[in-house]
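Given next are the chains, with one letter for each unit.
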Amino acid sequence: MDQCCSTQLIDGDGEFNVSGLEHFMKEVKLGECGLSYAVVSIMGPQSSGKSTLLNNLFGTNFKEMDAFKGRSQTTKGIWMARCAGIEPCTIVMDLEGTDGRERGEDDTAFEKQSALFALAVSDIVLINMWCHDIGREQAANKPLLKTVFQVMMRLFSPRKTTLMFVIRDKTRTPLENLEPVLREDIQKIWDSVPKPEAHKETPLSEFFNVEVVALSSYEEKEEQFKEQVANLRQRFFHSIAPGGLAGDRRGVVPASGFSFSAQQIWKVIKENRDLDLPAHKVMVATVRCEEIANEKYSNFTMNEIWRHIEESVQSGPVSGFGKKISSLLDTCLSEYHSEAVYFDEGVRTSKQKQLEEKLLQLIQPAFHSMLGHLRSGTLEKFKDAFEKALNSGEGFSSASTRCTESFMAQFDEACSDVIIPLAGWDSSKTRDKLRRDIDAHVASVRAAKLTEVTSMFEKKLTEALSGPVEALLDEAGDDTWPAIRKLYNRETESAISGLADALTGFDMDEKTTEEMLANLQNFARSVIESKAREEAGRVLIRMKDRFSTLFSRDSDSMPRVWTGKEDIRGITRNARTASLKLLSVMAAIRLDDEPDNISKTLSAALLDASGSASSNRSITVGDPLASSKWEEVPVSRTLITPVQCKSLWRQFKSETEYSVTQAMSAQEANKRNNNWLPPPWAIVAMLVLGFNEFMTLLRNPLYLGVIFVGYLLFRALWVQLDISAEFRNGALPGILSISTKFLPTVTNLLRKLAEQGQTPASTTNPQPNPALASSSMHYQEHNTTSNLSSTASSDVTGAEAGSEYSSPKKQD
């Protein structure tokens, strides 16, 4: 352990030992420490064991009192030493004991000066006091600290110092019970000290950290004492570190300037005139009156009646609370007055006032608990009574008024039993809170009821408007929006009338009622607008459905068959006109019956626009749909903008063009399939021009047989080659295809005819009679001709049905 070095800093006459301090600083090399040092001082009553504590705690060698020679002053002035074995460098100052016999009763100036000096230069101040002195004014250094606090704030800049109260010869009383008393005393001293303007609101914690430790008796329990001191010593290691005992070290002086700083501080303290302690009479009165007050306060807290009331009030109201507490207070204060009547009047009155404040502070939580029980109980009773009144059919307004007045009167009556006259507390805040709670509950019930009623009418409006509006928009005609407006007005008027009747029992002001009715009307409007916007999002699908229905079905809703007689162009225009009407209806919301030109604009721009007329209008007038809004239509009521209408129409035409093309193709195909005869004029021309040939045929019937056989052959070739199908893809492809199949088909046909001609000859018996043979040959030729005709007719029918050519069956 490092050797300690000590010196007397200030002698008993108050002279500062400048040379001794300089020598001390050189010995301990304090000037080299910079800011890494700490100063600890101790003060307390004379012969309270301060030097003994320092020697055991810091390894110093301060002179200790010899108990066998009697109790007398040992330390005179202020001594300084370096603590052995503690880092950082720690300097400890041993102050002369206060309340010493040697200096006399009134000579306390040096005690005040030394205490103030210790507080001014120290980071940690140990206040040594006996355990049995806690609660005493003089022994606990309370008046001294009060004066020191006041003067220190006036003389020096703020510096956070740690005040460590060391309780010596600790008794059985737990430290947990001793510490709060000490802290409360320190706080009261601080609060009572007059402060300069700059520190009017500054808390004690801004200047001091208060610590409390307790040590056993050194003489009776030496081993235990040394063990506790060893544990305490550990707290002084690294005391200047953040969170250490040395506080925040604001304004700490560098070590090299410590000597000069200490000299100046002592000089200022010596010249100060404001450090006189109160007169002995006042101090005695202060100590004694406080002891009496503490005793009466303790007796009150231990009183069985009070303890029973305090315990009972936690769970519920106590009958006769105000009278019982007032009786206890009167008894306690009268006992204090009878015992303190002979002490200084100012001190006695002050301590009595403090006692009253402590007693009322003790009672106040119970008082507020009583009011809280009354308030909560009254509120619950009100809720039950109010609910029963509403359930019984009583009007909302009358039920709330009657129940409120009744239960507020009950609360006022109950409060009169709780009032404590001495305290002067009133229950107005609690009463106001109860009234606010009742009003809040009434408002919540009203809001719930109103919400329920409003939701009911909103649901009815939704059901009454949503489906019909959707159906009307689906039809989309000139009378769509007038019908919607009529529906809207009818259903809204009905709902508003019903809601107005329902609101009459809630005692609402006219403005609120009008707002609720207006909100319901706006809700109905929002239902229609929402449905309109929803349908507007599906307008392209609806347009295509309408076009498909009108284009593909006739007026009787029967599917159209494109026979060639239908006016596809007219049907297409009618279907597109109807689809455009749907688009114009869905373009804007028209609940306000304000005229607009949307339908005309769309018709002129999309339906009537064609060829050069459209080009000329675009050049001279401009595109009426090249805009993001409609004229005379607010943006809020616009569902589909003009430019969106143009885009939708372009997409609509693109997606429906295929249906028109298919219809036209089907019509052309039907015409080609059904148009086998030449035009009438050609038939007339053939009859006129072919009259001579017709007469020739009549004069020579053999030509008719040749022509008939040629017709049959031509018909068979037509069916076999399927000429109509070949020419369906065009003239040139049809000619090329027929030219490749013509010769094989003719050869195949002649071969089959030959086979038909040879079959009877090989199967018929020879005829000896020439006449019979001639007749038989004539029959065979007729049979062959008949079979050929039948075969050709069968081939035509098979070709029309799409079947392949097959040879004729043999005739028996």
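Residues numbered from 1 in each chain as written. Predicted model: local features only at pLDDT ≥ 70, side-chain atom pairs only at ≥ 80, totals over all residues. Heavy atoms only, no water.

A. Highlighting the overall build of the protein. In terms of regular secondary structure, the protein is built from 26 helices and seven strands. The buried share among the 812 residues of the protein stands at 41%. Intrachain contacts of the protein at a sequence separation of at least 6 include 74% that bridge at least 24 residues. On the protein, roughly 45,000 Å² of surface is accessible, and the fraction owed to carbon and sulfur atoms is 52%. (Helix = DSSP H or I, 4+ residues; strand = E, 2+ residues; numbered from the N terminus. Buried < 20%, exposed > 50% of the residue type's maximum accessible area, 1.4 Å probe, protein only. Contact = heavy atoms within 4.5 Å. Areas by Shrake-Rupley, 256 points an atom, 1.4 Å probe, with all protein chains shown as cover.)

B. Region of the structure containing the pairing of strand β3 (residues 78–82). The element β3 is largely enclosed, with a buried count of four among its five residues. In this structure, strand β1 (residues 6–10) lies alongside β3, joined through four bridges in antiparallel fashion. The residue of β3 that forms the bridge with S6 is A81. Across five bridges, β3 lies against strand β4 (residues 89–95) in antiparallel orientation. Across the sheet, M80 pairs through a bridge with M93, a residue of β4. Connecting β3 to the next strand, β4, in antiparallel fashion are six residues, including G85 with a positive phi near 75 degrees. (Pairing = 2+ DSSP bridges.)

C. Molecular detail of a nonpolar patch on the surface. There is a patch of nonpolar side chains on the surface, built from I683, M686 and L687 and spanning about 310 Å² of accessible area. Position of M686 among the secondary structure elements: in helix α21 (residues 680–689). (Patch = residues over 30% accessible without salt bridge, like charges linked within 9 Å, V, L, I, M, F, W, Y side chains within 5 Å. Salt bridge = Lys/Arg side-chain N within 4 Å of Asp/Glu carboxyl O.)

D. Region of interest: the sheet that holds strand β2 (residues 37–43). A sheet is described by the order of its strands in space; here seven strands give the open sequence β1-β3-β4-β2-β5-β6-β7, paired in mixed fashion. Looking at which strands have only one partner, the edges of the open sheet turn out to be β1 and β7 (208–214). Taken over all neighbouring pairs, the strand axes of this sheet differ in orientation by 25 degrees on average, direction set aside. Bridge count for strand β6 (residues 161–168) against β7 is seven bridges, and the pairing is parallel. The partner of M164 across the bridge, within β7, is E211. (Axes fitted to C-alpha atoms, helices over the stretch in contact; angles between N-to-C directions.)

E. Structural context of the side chain of S400. The residue S400 is located in helix α12 (residues 396–415) in this model. The class of S400 is buried, set by a relative accessible area of 9%. Of note is the side chain of S400, whose polar atom sits 2.9 Å from the backbone oxygen of S397. Not counting the four nearest positions on each side in its chain, S400 is found in contact with F382, F386 and V442. (Polar contact = N/O pair within 3.5 Å; in protein donor to acceptor, adjacent residues only side chain to side chain.)

F. Local environment of the packing of aromatic side chains. This model, assessed by the stated rule, comprises 14 aromatic pairs. With a centroid separation of 5.1 Å and 75 degrees between ring planes, the pair formed by Y218 and F225 is classed as edge-to-face. Take F225: its relative accessible area is 0%, and that puts it in the buried class. Pairing F386 with F396 gives two aromatic rings, centres 5.5 Å apart and planes at 75 degrees, and the pair type is edge-to-face. Of this pair, F386 sits in helix α11 (residues 345–391) while F396 sits in helix α12, and the two are ten residues apart along the sequence. For the pair formed by F386 and F396, the shared burial category is buried. A network of ring pairs unites the aromatic residues F547, F551, W562, W649 and F652 as a single cluster. Just above the ring of Y297 sits the side chain of K358; from NZ or CZ to the centre is 4.2 Å. (Phe/Tyr/Trp six-rings, centres within 6.5 Å; stacked < 30°, edge-to-face > 60°. Lys NZ or Arg CZ within 6 Å of the ring centre and 35° of its normal.)

G. Looking closely at the confidence of the model for the protein. Taken as a whole, the protein shows an average pLDDT of 77; of its residues, 81% reach a score of 70 or greater. For residues 67–72, every residue scores under 50 in pLDDT, and the model assigns this stretch nine contacts once sequence neighbours within four places are set aside. (pLDDT = per-residue confidence, 0-100.)

H. Examining the pattern of salt bridges more closely. In the structure shown here, the tally under the stated rule is 26 salt bridges. For the salt bridge of D439 with R435, the shortest nitrogen-to-oxygen distance reads 3.3 Å. Of this pair, D439 and R435 both sit in helix α13 (residues 428–475), four residues apart, which is roughly one turn of that helix. On the accessibility criterion, D439 (36% relative accessible area) is partly exposed. According to the relative accessible area criterion, R435 is partly exposed, its value standing at 36%. Salt bridges sharing common partners tie together E470, D474, K531, E534, E535, R538 and R542.

I. Region of the structure containing unusual backbone geometry. Cis rather than trans, the peptide bond between E87 and P88 has omega equal to 0 degrees. Within the element layout of this structure, P88 appears in the loop between β3 and β4. One non-glycine residue, K29, adopts positive backbone phi at about 55 degrees. If you trace the backbone, K29 turns up in the loop between α1 (18–28) and β2. One non-glycine residue with positive phi stands out, namely D169, at about 50 degrees. Within the element layout of this structure, D169 appears in the loop between β6 and α5 (175–192).

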